[in-house]
Amino acid sequence: MLSAIVSIVLAIALLAVLIANSRMARRLRDAKAEVALNGVESAASISAAAAAARLGALLDVLPVGVVVIDDDARVTAFNSAASDILGVQPERAVGRALIESVRSYDLDRRLLAALREGVEGTAEVPLHAASDRSLRITTKAVHGADGSTEAIAVVVDLTRMRELEAIRRDFVSNVSHELRTPLAAMKIMIETLQSGADGSDAAGFLRSLAAETDRMVVLVEELLDLARLESGRLEMRFGTVDLSALCRDVVATHMPRARSLGIALDLSLPEQAVTIVGDRDRLVQVVFNLLDNALRHSSTAGHVQVGISLAPGLATLYVKDDGPGIPYDALPHIFERFYVVDRSRSRSAGGTGLGLAIVKHIVESHGGSITAESELNRGTTFRCTFSV
Amino acid sequence: MARENFHRILNETQQDVLRMGSLVEEAITKAVDGLARSDIALADEILNFDDYIDDLNVRIETNCLNLLALQQPMASDLRTIAAMLDIIIDLERIGDHACDIAQITKNLAREPQLKPMIDIPRMAAKAREMLRESLDAFANRDAGAAHLIPEKDDEVDRLYRAVFKELIEFMAKDPKAINRGSNLILVALYLERIADHATNVCERVAYMVEGVPKKLKRSVVEINEVAAHGDALLKAGRTET
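Since the structure is predicted, the reported quantities are computational estimates derived from the model, not experimental observations.

### Some thoughts on the overall build of chain B
Helix and strand counts for chain B come out as eight helices and zero strands. Reading the secondary structure of chain B in the N-to-C direction produces α-α-α-α-α-α-α-α. For chain B, restricting intrachain contacts to residue pairs at least 6 apart in sequence, the fraction spanning at least 24 positions comes to 82%.

Written out as structure tokens, the structure reads:
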């Protein structure tokens, strides 16, 4: 934030000098042309033009967008950062009214207000182009000694910051809910036990208390795992891992749950053993998370398949379901931490948006790759590919 | 009025059309966002937007009529002015549809969602894309682009049919879903109409540049088959009860 403010102030100062120098360069160029007719060179005219060129180069490396319009509201400067942020090539913008190339009513209005009425200020405005963005715009009028006026807009792209804020808010909301729900249930059970429950009821409550505690422990462990994975501090113990046996074990532990949900769970393994170099516990976590997701998002009479397919030098572990699928615009984001496709569904199914981020980190720590294919109402297939 | 002044006013009026277009695009974006999040504050913001859109509409129309009355423009200038007078009608209707969607957001705010909205935001994204590209074609006087954009209307129409069918099925299974379902069908219809208006803008741009009025590719929404399907579902429901 501080660096953005410093950049904005620096950009405005540089621009003011640039504009003044370009006017000076223009006047000196005219003078030079007149003097050149008389055969006299001027060192001052050359240095002014060089200064303007240097400032132009500086403008182009600024990390913030800079747009300048002249007295006729035509764009005279449009740096590289402005081109990236606003999605318009400089040659499409320079020499035209800004609204003809950048379709932002607010940016156009504020720049014209600075030019015509001297109204300066900073505001956050949306830009609806090929992608939606959130921009902070600072506008300023610059008055020349010759009475001309130009207006500057410095544009900072806040989109990613706002996305991260939204992700953080969603995460805090999800985690709070995930913790509050079992805590509320535990409180009720503890109060019932305290007021005196008989033997079998008490045993049942204690079992439920243990289950809710386990649920909270899993959540906290996932958070810690992800933090360690992302900071590279999670220790991996690499050895030879029989991937087929691993899949068999994880599927076996989930079979009772699949039966109780009425979901058919199949395992399809190659005849030969498939071994890779890896951390067995972490690879169990991968298969566990993917299978857990598949079962959570499958309905009764659904079908989940786990298997391994082989190609020369590669083993691909896949988990496939025939559940509701993932919308195409959500698919690129599903491995982002805290990302949940459907908040209401993930809350009822018990998701925090961390499982797939953890899976991706583990797979990539093993030198592998993970992909997801999905079609709405037809299901999703996750594939983890490792070298063998 | 000197000729330089005529071209200055003509250029500024064209810029006003682009301003109106960008306001309208923002209104559609906010309208669908507000609906997806049941955000009443956002819906109110759009209802206020309409005043700005109407002000620009009046300004553009006034300038165009003044130019026609006082300057006797000819050839491409005349077609440009004629095109702008038509385009702002389409933009104004799109703005009205955004307001209609905002009003539906307010009406449905207290009801639970039937299911996560997927196809409606897709329709909105496609309709916005068509509108944005049609205005780019206007800004750049690009008849080639104007000819290609209407082909995207097929995707919007396909999504509309899918939304219509799905919502009819929801309503047939659960009468409590009828209020929300019927309002969402209206939203889908408004988005389909927005895509049609974007196609109209393309037709005006093509005429403005090429001088030949022409209907560009347009798909007709065939809802008869879907309506028949809906009738069958409702009849089956009545037979079962």
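### Side note on the sheet that holds strand β5 (residues 149-157) of chain A
Sheet strands associate in pairs through backbone hydrogen bonding, adopting either a parallel or an antiparallel arrangement. All names here are of chain A. Reading across the sheet, the five strands line up as β2-β1-β5-β4-β3 and stay open at both edges, with antiparallel pairing between neighbours. Each edge of the open sheet carries a strand with a single partner, namely β2 (75-78) and β3 (121-128). Averaged over all adjacent pairs, the angle separating strand axes in this sheet is 25°, with direction ignored. Relative to β5, strand β4 (residues 132-143) runs antiparallel, the two being bridged by nine bridges. Bridge pairing links Lys140 to Ile152 in β5. Sitting on the sheet, helix α6 (residues 105-117) is in contact with β1 (65-69), β3, β4 and β5, with an inclination near 10° to β4.

### Points about the interface of chain B and chain A
Chain B puts 14 residues into the contact, and the matching count from chain A is 13 residues. Broken down by secondary-structure element, the contributors of at least two residues to the side of chain B that touches chain A are α1 (3-37) and α4 (119-140) of chain B. When residues in the side of chain B that touches chain A are grouped by element, the largest group, nine residues, is from α1 of chain B. Residue composition of the side of chain B that touches chain A, grouped by class: six nonpolar, four polar and four charged.

### Quick look at the environment of Phe382 of chain A
All names here are of chain A. Counting through the fold element by element, Phe382 comes out in strand β12 (residues 379-387). Taking the number of C-beta atoms within 10 Å as the measure of exposure, Phe382 has 24 and is therefore buried. Along the chain, Phe382 and Ile370 lie 12 residues apart, while their C-alpha atoms are 7.1 Å from each other.

### Focus: unusual backbone geometry
If a residue is not glycine, its phi is most likely negative; likewise, a peptide bond is most likely trans. Positive phi is not limited to glycine here, since Asn377 of chain A has a value of about 65°. By secondary structure assignment, the location of Asn377 of chain A is in the loop between β11 (369-375) and β12. Here Gln72 of chain B, not a glycine, exhibits a phi torsion of approximately 45°, which is positive. Along the chain, Gln72 of chain B turns up in the loop between α2 (40-71) and α3 (75-108).

### Focus on the sheet that holds strand β9 (residues 303-311) of chain A
Residues and elements named next belong to chain A. Overall, mixed pairing links the five strands, which are arranged β7-β9-β10-β12-β11 in an open sheet. Every interior strand has two partners, whereas the edge strands, β7 (264-268) and β11, have only one. When strand polarity is set aside, the average angle formed by the axes of neighbouring strands in this sheet is 15°. Note: β7 against β9, five bridges, orientation parallel. Looking at the pairing, Leu265 lines up with Val304 of β9. Sheet strands in contact with helix α9 (residues 243-261) are β7, β9 and β10 (314-321), and its direction is about 170° off that of β7.

### Here's the deal with the nonpolar core
Formed by 99 residues in total, the largest nonpolar core has its most connected members in Val67 and Val155 of chain A together with Ala127 of chain B. It is helix α7 (residues 178-210) of chain B that provides the largest number of residues to this core, a total of 14 residues. Counting residues in hydrophobic clusters, the runner-up holds 36 residues, among them Ile276, Ile326, Leu356 and Cys384 of chain A.

### A closer look at helix α12 (residues 355-365) of chain A
Residue and element names in this part refer to chain A. The element α12 is largely enclosed, with a buried count of nine among its 11 residues. Here α12 has its buried residues at Gly355, Leu356, Ala357, Ile358, Val359, Lys360, His361, Ile362 and Val363. Those residues of α12 hidden inside the fold are in contact with α8 (199-230), α10 (280-296), β11 and β12. Residue Gly367 follows α12 closely and has a positive phi angle near 75°.

### Topic: helix α6 (residues 153-173) of chain B
Over its 21 residues, α6 of chain B runs 31 Å from end to end, which matches the ideal 30 Å to within 8%, given 1.5 Å per residue. Looking only at α6 of chain B, the buried set comprises Asp153, Val156, Asp157, Leu159, Tyr160, Val163, Phe164, Leu167, Ile168, Met171 and Ala172 of chain B.

### As for the packing of α4 of chain B against α7 of chain B
Residues and elements named next belong to chain B. At a minimum axis separation of 9 Å, α4 and α7 run at an interaxial angle of 15°. By the criterion of interaxial angle, the relationship of α4 to α7 is roughly parallel. Pair α4 / α7 crosses with left-handed handedness. Only Leu184, Val187, Ala188, Leu191, Ile194, Ala195, Ala198, Val201, Cys202 and Val205 of α7 make contact with α4, whose side of the interface consists of Ile120, Met123, Ala124, Lys126, Ala127, Met130, Leu131, Ser134, Ala137 and Phe138. Of the residues belonging to the contact of α4 with α7, the class tally is 18 nonpolar, one polar and one charged.

### As for the confidence of the model for chain B
The predicted coordinates ought not to be read in detail in places where the model reports low pLDDT. Residue and element names in this part refer to chain B. Averaged over every residue, the pLDDT of chain B is 86; residues scoring 70 or more account for 88%. By mean pLDDT, helix α8 (residues 224-240) is the weakest element of chain B at 54, and α3 is the strongest at 94. Interface confidence for the predicted complex, given as ipTM, is 0.82, next to a pTM of 0.68.

### So, the pairing of β10 of chain A
Residue and element names in this part refer to chain A. Across eight bridges, β9 lies against β10 in antiparallel orientation. Paired with Gly307 across the strands is Tyr318, a residue of β10. The hairpin formed by β9 and β10 contains two residues between the paired strands, and Gly313 there has a positive phi angle of roughly 80°. Direction of pairing for β10 relative to β12: antiparallel, over a ladder of seven bridges. Residue pairing in the sheet places Thr316 in a bridge with Thr385 of β12.

### Some points on the environment of Ala83 of chain B
Relative to the helices and strands, Ala83 of chain B resides in helix α3. Spatially, the C-alpha atoms of Ala83 of chain B and Val209 of chain B are 9.8 Å apart, while their sequence positions differ by 126 residues.

Calculation criteria
- Residues numbered from 1 in each chain as written.
- Chains lettered and ligands numbered in written order.
- Predicted model: local features only at pLDDT ≥ 70, side-chain atom pairs only at ≥ 80, totals over all residues.
- Helix = DSSP H or I, 4+ residues; strand = E, 2+ residues; numbered from the N terminus.
- Contact = placed C-beta atoms within 7 Å.
- Pairing = 2+ DSSP bridges.
- Axes fitted to C-alpha atoms, helices over the stretch in contact; angles between N-to-C directions.
- Nonpolar A, V, L, I, M, F, W, Y, C, P; charged D, E, K, R; others polar.
- Buried ≥ 20, exposed ≤ 12 C-beta atoms within 10 Å, placed from the backbone.
- Core = buried A, V, L, I, M, F, W, Y, C linked by C-beta atoms within 7 Å.
- Expected span 1.5 Å × (residues − 1).
- Parallel < 35°, antiparallel > 145°, perpendicular 65-115°, else oblique.
- Left-handed = near helix turned anticlockwise from the far one by under 90°.
- pLDDT = per-residue confidence, 0-100.

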